[in-house]
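A look at the structure
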Amino acid sequence: MRFSVIKRDPSYFFENIHEDLNRFLKDTFGDIEFMDKSNMQLIKAFRPAVEIKEKSDQYKIKVELPNVDKEHIDVELTKNSISIKAESKFEECKNDENLRTSEFRYGKFTRVIPLEHEINPDEAKSEFKNGILHIELPKIHQDNKDDVKKLTIN
């Protein structure tokens, strides 16, 4: 029996393992619940879908936040990252109502997205429409001219 040897870069396997594992756990077990010692639910965290597009002059980010009020969204910017926090609150049933089924997601959400290029936080724009948070982050363009410096050899 003959075997062929295929050389692979070991980092290739681990490149997206964090995202793959998170997706597997979410698909298998649903959202994350934090329990105290008596198994009482303290916080139910959810992780809404995020889409990031990069153009030459800006980033465009969309965050899916169904059942979240605009007042419960907080976005903070630095030159190299964006932090998005949101909360979807559970509505208590009235006396004459019984909750039979709910597949809605409730809880707090925090996500920090590092950015490869510096952005200009002062010119950033955002809009919340139909449960989707749209964010535009203009990049800071730096002229990275290759300045050649002659090194003197001693």
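Predicted model only: the values in this text are computed from it and were never measured.

1. Side note on the side chain of serine 83
The residue serine 83 is located in strand S6 (residues 81–88) in this model. Leave out the neighbours within four places in its chain, and serine 83 touches Asp74, Val75, Glu76, Arg111 and Val112.

2. So, the pairing of strand S9 (residues 132–138)
As defined by bridge partners, strand S4 (residues 58–64) adjoins S9 across 7 bridges and the pair is classed as antiparallel. Directly across from glutamate 64, in S9, lies its bridge partner isoleucine 132. Relative to S9, strand S8 (residues 125–129) runs antiparallel, the two being bridged by 5 bridges. Among the inter-strand pairings, glutamate 127 is bridged to a residue of S9, identified as histidine 134. What sits between S8 and S9 in their antiparallel hairpin is a turn of 2 residues, with asparagine 130 showing a positive phi close to 55°.

3. Let's talk about the pattern of salt bridges
For side chains of opposite charge, pairing can occur when their charged atoms come near one another. Counted by the stated rule, this structure contains 3 salt bridges. The residue glutamate 51 makes a salt bridge to lysine 62 at a minimum N-O spacing of 3.5 Å. With glutamate 51 in strand S3 (residues 50–54) and lysine 62 in strand S4, this residue pair connects regions lying 11 residues apart in the sequence. Residue glutamate 51 is classed as partly exposed on the basis of its relative accessible area of 36%. Of the charged contacts, one joins lysine 139 and glutamate 54 as a salt bridge, the two residues approaching to 2.6 Å between their closest N and O atoms. In this pair, lysine 139 sits in the segment after S9 while glutamate 54 sits in strand S3, placing the two residues 85 residues apart along the sequence. Judged by relative accessible area, which is 11%, lysine 139 ranks as buried. What emerges from the salt-bridge pattern is a single network uniting Glu51, Lys53 and Lys62.

4. Describing the environment of glutamate 51
Separated by 83 residues in the primary sequence, glutamate 51 and histidine 134 place their C-alpha atoms 9.7 Å from one another. Setting aside its immediate chain neighbours within four residues, glutamate 51 contacts Lys60, Ile61 and Lys62.

The rules behind these values
- Residues numbered from 1 in each chain as written.
- Predicted model: local features only at pLDDT ≥ 70, side-chain atom pairs only at ≥ 80, totals over all residues.
- Heavy atoms only, no water.
- Helix = DSSP H or I, 4+ residues; strand = E, 2+ residues; numbered from the N terminus.
- Contact = heavy atoms within 4.5 Å.
- Pairing = 2+ DSSP bridges.
- Salt bridge = Lys/Arg side-chain N within 4 Å of Asp/Glu carboxyl O.
- Buried < 20%, exposed > 50% of the residue type's maximum accessible area, 1.4 Å probe, protein only.

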